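# Descriptive analysis of the structure
Next come the chains, spelled out residue by residue.
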Amino acid sequence: MAISRKILSTMEKSSWIRRMFESGAKLKAEYGNDNVFDFSLGNPNLDPPAEFQEALSRHAADTTPRLHSYMPNAGYPPVREKVAGFISKEYGVPLDSGKVLMTVGAGGALNVALKSLINHGDYILCPSPYFMEYQFYCDNHGGVLNAVPTGPDFLPNIERLAEEIGPRTAALIINFPNNPTGTVYTQEYLDRLGEMLSVKSRENNRTIYLISDEPYRKIVYGEVEPGSVFKAYPHSMIATSYSKDLSIPGERIGWLAIHPEAEDAENLVNAAILCNRILGYVNAPALMQRVVGDLQGISADVDIYRRKRDMICDILGNAGYEFTKPAGTFYLFPKAPGGDDLRVVQALQQERILTVPGRGFGREGYFRIAFCVEDAVIEASAAGFKTVLRQFK
Ligand SMILES: Cc1ncc(COP(=O)(O)O)c(C=O)c1O
């Protein structure tokens with residue numbers, strides 16, 4: 001067998017989301033696109049904002065000589081400057097552009113951060129449910145993901161996380177607004193988390209870095225304001241992208257920012273820049289850097305996602321599902337009626353409704369609905385959701 005054993009086994013257990021996507025494609029071929037209600041992928045269905053098209057046309061028309069040459073591995077200095085300005089305002093901590101690295105999406109930012117920090121065999125803590133790629137990203141760099149279940153409110157229990165921290169814990173990854181639950185962490189919560197990390201870092205004589213993955217930060221509905229990890233804990237970094245809020249996941253553009261007072265901040269930045277290069281990314285996509293540089297603070301119309309959220313919540317609430325209304329993201333993570341997420345997802349498939357079982361996010365007994373779809377799809381799914389709930393009552 002030519003393929004590495006590790007990759008073969010990863011292929012076997014890899015993504016439930018992809019699996020649902022593939023069975024969805026089959027259903028669509030059989031019944032037609034309009035008759036399959038596909039809530040399986042977090043692929044934003046809104047068009048990018050008009051400002052994006054305008055900036056893209058303008059930068060694409062630029063004929064400055066050698067514009068397409070290699071650049072510093074961290075990205076264009078003027079773009080890093082603009083991003084640092086945005087971060088300073090948004091996160092309430094002044095940051096210079098030297099602490100910002102332009103990346104190949106949030107996925108690229110996370111890989112760069114993890115490669116910079118992990119010694120072989122280190123543990124990376126993460127509350128579950130979680131975005132499954134974390135497991136593979138940690139493994140890419142010789143680390144082991146230690147997923148710690150959250151309670152029914154999906155807020156990571158700080159004492160429970162503290163119990164898991166030992167001398168081989170390199171970092172904690174958090175993600176909010178959260179995929180798959182939509183939970184948003186407040187400043188008060190992050191402050192308590194930061195306090196715990198400071199205590200445990202002292203106890204273990206090893207700084208635990210906090211990596212906050214925030215690609216959904218602008219997709220919030222006004223009920224809970226997202227806090228700032230930079231205000232809560234100095235040894236923190238933020239990984240994010242423009243994938244979700246500008247609806248451009250295919251363009252692969254994001255950034256990694258390192259707190260100016262993080263332990264070894266200067267070296268850490270240089271490590272991250274090196275990792276960006278030697279992971280083969282070299283630098284983030286050039287044209288997209290120039291485009292997003294001009295779009296700081298801009299996002300797709302979140303009111304549209306709010307309307308979709310309210311529609312799907314009404315449908316599920318009326319049918320009798322149990323769930324927490326998400327304060328952000330375009331995901332809903334209801335309890336699987338009867339408790340078996342796989343059976344519920346299969347029953348929904350019979351109704352041509354595609355969702356992802358909670359076990360695809362490290363949490364059985366729930367399922368994920370990605371409501372970044374047309375209103376008509378949400379409306380047309382109501383009968384199927386009702387039918388399935390009745391089967392499990
Ligand atoms: C929580 C989370 N982190 C990271 C990513 C990766 O984002 P990107 O496409 O910008 O790499 C995703 C994508 O779905 C995500 O849901």
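Values in this document were obtained by computation on a predicted structure and should not be read as measured data.

Time to look at the site of the ligand. If you check the shell around the ligand, you find 14 residues, and the closest are D213, Y216, S241, S243 and R252. Note that an oxygen atom of the ligand is positioned 2.8 Å from one of the side-chain N or O atoms of N179. Bound to the protein, the ligand loses 91% of the 390 Å² it would expose on its own. With three residues, the top contributor of residues to the shell around the ligand is helix α5 (residues 105-117). Its residues assigned to classes, the shell around the ligand comprises five nonpolar, six polar and three charged.

Overall, antiparallel pairing links the three strands, which are arranged β9-β12-β11 in an open sheet. Two strands close off the open sheet at either side, each with one partner strand: β9 (331-332) and β11 (356-357). Examined bridge by bridge, β11 and strand β12 (residues 367-370) share two bridges and lie antiparallel to one another. The residue of β12 that forms the bridge with V356 is R368.

Let us now look at the domain arrangement of the chain. Parsing the chain into structural domains produces domain 1 (5-48 + 300-391) and domain 2 (51-293). Averaged C-alpha coordinates put domain 1 and domain 2 at centres separated by 27 Å. With 31 residues of domain 1 at the contact, the number on the domain 2 side is 35 residues. Roughly 2,700 Å² of surface becomes buried between domain 1 and domain 2 when both sides are summed, with 58% attributable to carbon and sulfur atoms.

Side-chain pairs of opposite charge can arise where the charged atoms are in close proximity. Counted by the stated rule, this structure contains 24 salt bridges. A salt bridge links D38 to K28; its shortest N-O distance comes to 2.8 Å. A residue pair is termed long-range when its members are at least 10 positions apart, and D38 in strand β1 (residues 37-38) and K28 in helix α2 (residues 16-31) qualify at 10 residues. Judged by relative accessible area, D38 falls into the buried class, the value being 16%. A relative accessible area of 22% places K28 in the partly exposed class. Here K99 ties to D96 by a salt bridge, and the two come within 3.8 Å at their closest N and O atoms. For K99, a relative accessible area of 7% puts it in the buried group. Judged by its relative accessible area of 43%, D96 falls in the partly exposed class. Linked through salt bridges whose partners overlap, the residues forming this network are E54, R58, K82 and D294.

Bringing the environment of M71 into the picture now. Along the chain, M71 falls in the loop between α3 (50-60) and α4 (77-91). The sequence separation of M71 and A284 amounts to 213 residues, and the corresponding C-alpha distance is 9.7 Å.

Now for the packing of aromatic side chains. One pass over the full model with this rule turns up 16 aromatic pairs. Ring geometry for Y321 against F385: centres 5.9 Å apart, planes inclined by 90°, an arrangement best described as edge-to-face. Here F385 lies in helix α14 (residues 375-391) and Y321 lies in the loop between α12 (302-319) and β9, a separation of 64 residues in the sequence. Comparing Y321 with F385, the two get one shared label, buried. Three or more aromatic residues joined by ring pairs form one cluster here, namely F39, Y321, F367 and F385. Lying across the ring of Y31, R352 places its NZ or CZ 5.1 Å from the centre.

With that out of the way, let us pick up the side chain of R363. The topology assignment puts R363 in the loop between β11 and β12. Despite its burial, R363 remains without a salt bridge, the nearest opposite charge being carried by D153 at 8.1 Å. A polar side-chain atom of R363 sits 3.2 Å from the main-chain carbonyl oxygen of S128. With sequence-adjacent residues up to four places away left out, R363 is seen in contact with S128, P129, P149, T150, G151, F154, F333, D341 and G358.

Analysis parameters
- Residues numbered from 1 in each chain as written.
- Predicted model: local features only at pLDDT ≥ 70, side-chain atom pairs only at ≥ 80, totals over all residues.
- Heavy atoms only, no water.
- Near = heavy atom within 4 Å.
- Polar contact = N/O pair within 3.5 Å; in protein donor to acceptor, adjacent residues only side chain to side chain.
- Areas by Shrake-Rupley, 256 points an atom, 1.4 Å probe, with all protein chains shown as cover.
- Helix = DSSP H or I, 4+ residues; strand = E, 2+ residues; numbered from the N terminus.
- Nonpolar A, V, L, I, M, F, W, Y, C, P; charged D, E, K, R; others polar.
- Pairing = 2+ DSSP bridges.
- Domains from an automatic or database assignment.
- Contact = heavy atoms within 4.5 Å.
- Buried area = accessible area lost by both parts, 1.4 Å probe.
- Salt bridge = Lys/Arg side-chain N within 4 Å of Asp/Glu carboxyl O.
- Buried < 20%, exposed > 50% of the residue type's maximum accessible area, 1.4 Å probe, protein only.
- Phe/Tyr/Trp six-rings, centres within 6.5 Å; stacked < 30°, edge-to-face > 60°.
- Lys NZ or Arg CZ within 6 Å of the ring centre and 35° of its normal.
- Lys, Arg positive; Asp, Glu negative; His and termini not counted.

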